[in-house]
Every structure is written in structure tokens, then in C-alpha cells.
Amino acid sequence: MPKRKAAIAVGGVAALGAAALLLPNANASQDKDTAAAGTARTLKATDATTLAARLKQSLGGQFAGSYYDSATRQLIVNAVGDGAAVARAKSAGAVVRQVENSTADLQSAAKTLRTKAAIPGTAWAVDPRTNKVIVSADSTVTGARWDRLESTVDGLGSGTATLKKTGGTFKTFVSGGDAIFSQVQGGGVRCSLGFNVTAADGSPAFLTAGHCGVAAKEWSDSQTGQPIATVDQATFPGEGDFSLVKYDDPATEAPSEVNAGNGQVVAITQAAEATVGSTVFRMGSTTGLHDGQVTGLDATVNFQSETDPNGVDTVTGLIQTDVCAEPGDSGGSLFTQEGAAIGLTSGGSGDCTSGGETFFQPVTAALAATGATLGDGGAGAGAGAGDDQAGAGDQAGAGDQAGAGDDQSGAGDQAGGDQIGGADDQAGAGAGADDQAGAGAAQEKGTKHHHRNRQQGGTSAN
């Protein structure tokens with residue numbers, strides 16, 4: 001089999017517009033720390049993420065999350081109580097904010113929601129800006145289900161959680177950069193490649209959405225072509241939505257980069273945590289390149305079960321954003337302007353006309369779970385760019401990331417396109433049957449899957 005390169009490409013007029021926003025600022029001078037009021041410093045998003053991880057460790061139980069203020073370019077750190085650790089956080093350059101809810105309080109609230117209100121069409125995430133758990137319900141949550149959800153949220157207290165309605169329905173999007181296809185009984189499945197990686201055994205591989213890996217075992221880089229990669233591991237539902245797919249040819253060239261269109265390529269050099277308030281970009285085969293902000297961390301999404309009309313597929317540990325996405329984006333990459341891999345498109349609601357919410361699988365957690373490293377897997381070489389990665393364990397934890405955010409250009413094209421959603425959008429083994437692999441956009445029963453990996457050197461799988 002000839003050598004292949006896989007990269008994410010931008011397509012369509014909308015993508016070109018986003019690319020214009022992303023690329024000119026790729027090396028923007030947001031990297032100078034400038035004295036601000038008091039000891040607070042102005043930081044670029046990547047530096048804020050690093051500082052947040054350090055302060056989370058030093059504050060310990062007092063740490064209650066953090067976020068990046070893109071307007072002032074400052075890191076805001078929530079703290080419970082005062083003392084020497086808080087003073088050190090201030091002297092380190094962060095703006096420290098006294099809050100009521102500790103990280104443990106918010107985690108306890110999320111646990112209660114999981115126990116009492118795991119209703120299809122609902123989601124919740126920690127929002128450090130409000131120091132609350134934000135609970136969302138899509139258009140399918142009505143009647144007794146709404147009453148049950150509202151009662152549970154009220155029971156947590158107004159100072160702990162907030163309930164809101166969101167448009168559309170939560171569903172999975174199969175998408176990414178370049179499209180990848182698989183034929184299953186009853187039809188075809190279409191998804192997107194997220195990031196090329198090196199598997200633990202040194203072989204070239206890529207990450208994509210877990211619901212794609214559950215839907216089909218073998219994947220091709222063309223709708224009618226022969227399989228070029230095979231699923232090695234897949235997680236969905238449960239603690240994440242990610243798959244590790246190994247290229248069948250050990251000589252496959254799998255560069256660690258994202259093709260942002262117009263001949264521009266963004267080198268992906270490391271993995272990083274998302275930060276609330278930071279700007280991210282997603283690439284999708286259906287809607288191209290789009291940007292938005294991270295709005296919540298450690299998100300839980302309850303999708304309608306694909307196999308049980310009365311059941312629910314719950315996925316935890318996701319990144320919540322306001323980036324738009326549409327069917328065909330599942331598995332795609334979310335990355336930063338500096339070239340840090342952030343997430344894999346999982347699912348969401350809405351579209352790129354009216355907007356919506358999209359959820360992403362954190363790349364750091366997927367790497368840690370699969371044992372893969374970010375980077376080229378060319379010619380079977382085992383050394384990937386993995387050395388640069390901030391493993392899941394090194395990353396600033398979910399609610400505390402001060403994210404590479406605002407300047408990030410998330411491979412983000414991906415934003416939530418893969419919605420894990422309503423009964424109709426499930427990308428489960430059975431969902432595959434309904435995800436017709438259309439030339440431009442495969443749709444899974446009410447769920448659109450976006451895969452957009454431009455092929456270079458002949459073929460590519462995304």
C-alpha cells in the first residue's frame with residue numbers, strides 16, 4: 001500500500017473566512033507579559049493554562065476553578081477562603097476571586113445530577129465564571145422529564161446550579177477534517193480523523209470519536225475504497241468518546257499537522273487542556289473552519305440510547321463550547337492557534353446558521369487512556385511528538401484550566417459536530433446503518449456527521 005498522509009483540510013467559503021481569522025494571528029504578539037493593575041499580568045492563553053495548572057496544585061483544596069478573560073488577557077482563579085496560598089497566587093500574576101463553591105461542592109452537585117437526572121437530552125458542565133454547574137436541556141426534555149430535572153436542580157440550591165433550555169437536540173456528529181468511511185450492514189458511516197498519533201507499540205494511528213469506533217471496525221479514506229485502518233480501542237458511552245485507529249500499513253506517513261486551507265498548515269506539537277473563556281477553532285467537512293469559546297469543563301452529556309428507546313448513553317469528562325457544528329463533523333480536531341491539540345468532536349445541538357453547543361473529548365485524556373503519543377507515525381517510527389505532550393496528568397484539571405484558550409485555533413473546526421444525541425442521532429453500532437456516507441455529508445438518522453480530512457499524497461484518513 002502506498003504511503004499516505006493524513007491532514008485536516010478546510011472546505012467551502014465559510015471555512016476560508018475562518019481561516020483568514022486564524023492564520024494571520026497565528027504568531028500574533030500576545031506573548032508579552034505586561035504589568036496590569038496590582039500584580040495581575042496579561043498573558044497569552046497558553047501561558048495562562050500553564051499558570052493555572054501550577055496554581056491548582058499550590059492552592060489544593062482552596063482551588064475552585066479558573067478561566068481566561070480574553071478581554072483583559074488575564075487568568076482569573078477562583079479560591080475558597082484566604083491565606084498564604086492565595087497570596088502566592090496573586091503574586092504569581094493571577095487575579096484571585098473569592099467564591100462560595102469549592103471544586104468538591106461542584107463535583108458533588110454533578111454527582112447528584114448523574115444519580116437523579118440522567119435524562120436523555122440533558123447536559124451539565126462546571127462554569128468557573130459563575131462558580132456553578134450549568135445544566136442544559138434540549139427540546140426533547142418536556143413534561144415529567146422537565147419536572148424531574150427542574151426539581152433536581154432546585155434541590156441543589158440556586159447558588160450551586162443553573163438550569164437553561166437549549167435549542168435543537170443533543171446528537172452525535174460524525175466528522176472531522178478529512179472524511180473517513182466505513183461500510184456496515186444497512187448502509188455506511190462517515191466520520192473524521194482527529195489527530196495523527198503514534199500508538200504505544202510504535203505504529204502509526206489516529207484518534208477519532210469513540211462513537212465512530214463503536215459504529216464500525218474498519219475505515220477507508222474514500223466512500224467506496226478498501227479499508228486502510230482498523231479500530232484498536234473505542235470508548236463510548238462512559239468516561240469519554242474516543243477511538244484509537246491504527247493504519248493497516250505500518251509505512252503510512254501520518255504527519256502531526258492540520259491543514260487550515262489556502263495552503264496553510266498548522267503543525268500540531270503538543271496536547272493541552274481547554275480553558276473556559278479561551279478561543280478555539282474547529283474544522284468540519286460539512287461547514288469548514290469555525291471558531292468560538294470554551295464555555296464549560298468536565299461536562300456530562302446524556303444522549304438517547306441507540307439500542308434502548310427508554311435508555312440513555314451518558315458520556316462524561318467533555319469540553320463544552322459555543323462553536324457551531326453540523327452532521328459530519330464527528331471525530332474532528334479541536335486545536336489552538338499555537339498548534340496545541342485540544343479535543344475531538346463528540347456531539348451537540350444546533351447548527352452553523354442558528355448556532356448551538358458542541359462538546360469535545362479532551363485529547364489529553366484520550367492519549368492517557370490509549371497510551372498513544374501525539375506526533376508522526378511515519379514509516380512505523382515509534383517516536384512521535386509525544387514528548388511535547390502534556391499528558392492528561394500534567395494538564396490543568398478540568399475546571400481549572402486557564403486555557404490555551406483564547407488564542408487557540410482549535411483543530412476546532414470540529415466543534416461538537418458529532419452530536420451524541422437523541423435517539424435519532426446515536427452513532428452506535430446500529431447507528432451506522434443510518435449514517436449514510438454521502439459524498440459530502442453523511443447523516444445519521446437525524447444526526448449529521450462531518451469528516452473533513454484533506455488527503456495529501458494520494459489518500460488520507462480523518
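Please read these numbers as outputs of a predicted model, since none were measured by experiment. (Residues numbered from 1 in each chain as written. Predicted model: local features only at pLDDT ≥ 70, side-chain atom pairs only at ≥ 80, totals over all residues. Heavy atoms only, no water.)

A.B. asks: Hey, could you go over the packing of aromatic side chains for me, with residue numbers and the actual values?
C.D. replies: Inspection of the entire model under this criterion finds two aromatic pairs. With 5.7 Å between their ring centres and 75° between their planes, F170 and F359 make a pair best called edge-to-face. With a gap of 189 residues between them, F170 in the loop between β7 (161-165) and β8 (171-172) and F359 in strand β24 (residues 355-362) connect regions that are remote in the sequence. (Phe/Tyr/Trp six-rings, centres within 6.5 Å; stacked < 30°, edge-to-face > 60°. Helix = DSSP H or I, 4+ residues; strand = E, 2+ residues; numbered from the N terminus.)

A.B. asks: How would you explain the confidence of the model for the protein if you had to name every residue and give the values?
C.D. replies: Summing up the model confidence of the protein, the mean pLDDT is 75 and the portion of residues at 70 or higher is 69%. Between residues 24-38, whose pLDDT stays under 50, and residues either more than four places distant or in other chains, the model counts 21 contacts. (pLDDT = per-residue confidence, 0-100. Contact = heavy atoms within 4.5 Å.)

A.B. asks: Residue-level account of the side chain of T166, with values.
C.D. replies: As for its placement among the helices and strands, T166 is situated in the loop between β7 and β8. Of the polar contacts made by the side chain of T166, one reaches the side chain of E357; its length is 3.2 Å. Sequence-distant contacts of T166, that is, excluding residues within four places in its chain, are made with A137, D138, S139, S349 and E357. (Polar contact = N/O pair within 3.5 Å; in protein donor to acceptor, adjacent residues only side chain to side chain.)

A.B. asks: Tell me about the sheet that holds strand β3 (residues 74-79), and please be specific about residues and values.
C.D. replies: In space, the three strands of this open sheet follow the order β2-β3-β4, with mixed pairing throughout. Only two strands of the sheet have a single partner each, and these edge strands are β2 (63-69) and β4 (95-98). The average undirected angle you get between the axes of adjacent strands in this sheet is 25°. Both β3 and β4 contribute to a ladder of four bridges, which runs parallel. By the bridge assignment for β4, I76 is matched with V95. (Pairing = 2+ DSSP bridges. Axes fitted to C-alpha atoms, helices over the stretch in contact; angles between N-to-C directions.)

A.B. asks: Talk me through helix α7 (residues 363-370); I want residue IDs and the actual numbers.
C.D. replies: Every buried residue of α7 is accounted for by V363, T364, A366, L367 and T370. Projection of α7 onto a plane perpendicular to its axis shows the buried side chains occupying an angular sector of 165°, all on one side. A positive backbone phi angle near 80° is found at G371, which sits one or two residues after α7. (Buried < 20%, exposed > 50% of the residue type's maximum accessible area, 1.4 Å probe, protein only. Arc of directions from axis to C-beta.)

A.B. asks: Explain the pattern of salt bridges to me, and be specific about the residues and the numbers.
C.D. replies: According to the stated counting rule, one finds four salt bridges in the structure shown. A salt bridge links K164 to E357, with the nearest nitrogen and oxygen atoms 2.9 Å apart. Here K164 is found in strand β7, whereas its partner E357 is found in strand β24, with 193 residues between them in sequence. The partly exposed category is assigned to K164, whose relative accessible area is 34%. A residue is classified by how much of its surface remains accessible, and E357, at 9% relative accessible area, is buried. Taking the shortest distance from any N to any O, the salt bridge between K246 and D232 comes out at 3.7 Å. (Salt bridge = Lys/Arg side-chain N within 4 Å of Asp/Glu carboxyl O.)

A.B. asks: Lay out the state of the cysteines with the relevant residues and their values.
C.D. replies: This model, assessed by the stated rule, comprises two disulfides. Covalent S-S linkage joins C191 and C212, the inter-sulfur distance amounting to 2.1 Å. Taking the sign of the S-S torsion, about -95° here, the bridge from C191 to C212 comes out left-handed. With a gap of 21 residues between them, C191 in strand β10 (residues 187-192) and C212 in helix α6 (residues 210-215) connect regions that are remote in the sequence. Across this residue pair, the class does not change: C191 and C212 are buried. Each bonded cysteine of the protein gets a number by its place in the sequence, and the pairs then read 1-2, 3-4. (Disulfide = S-S within 2.5 Å.)

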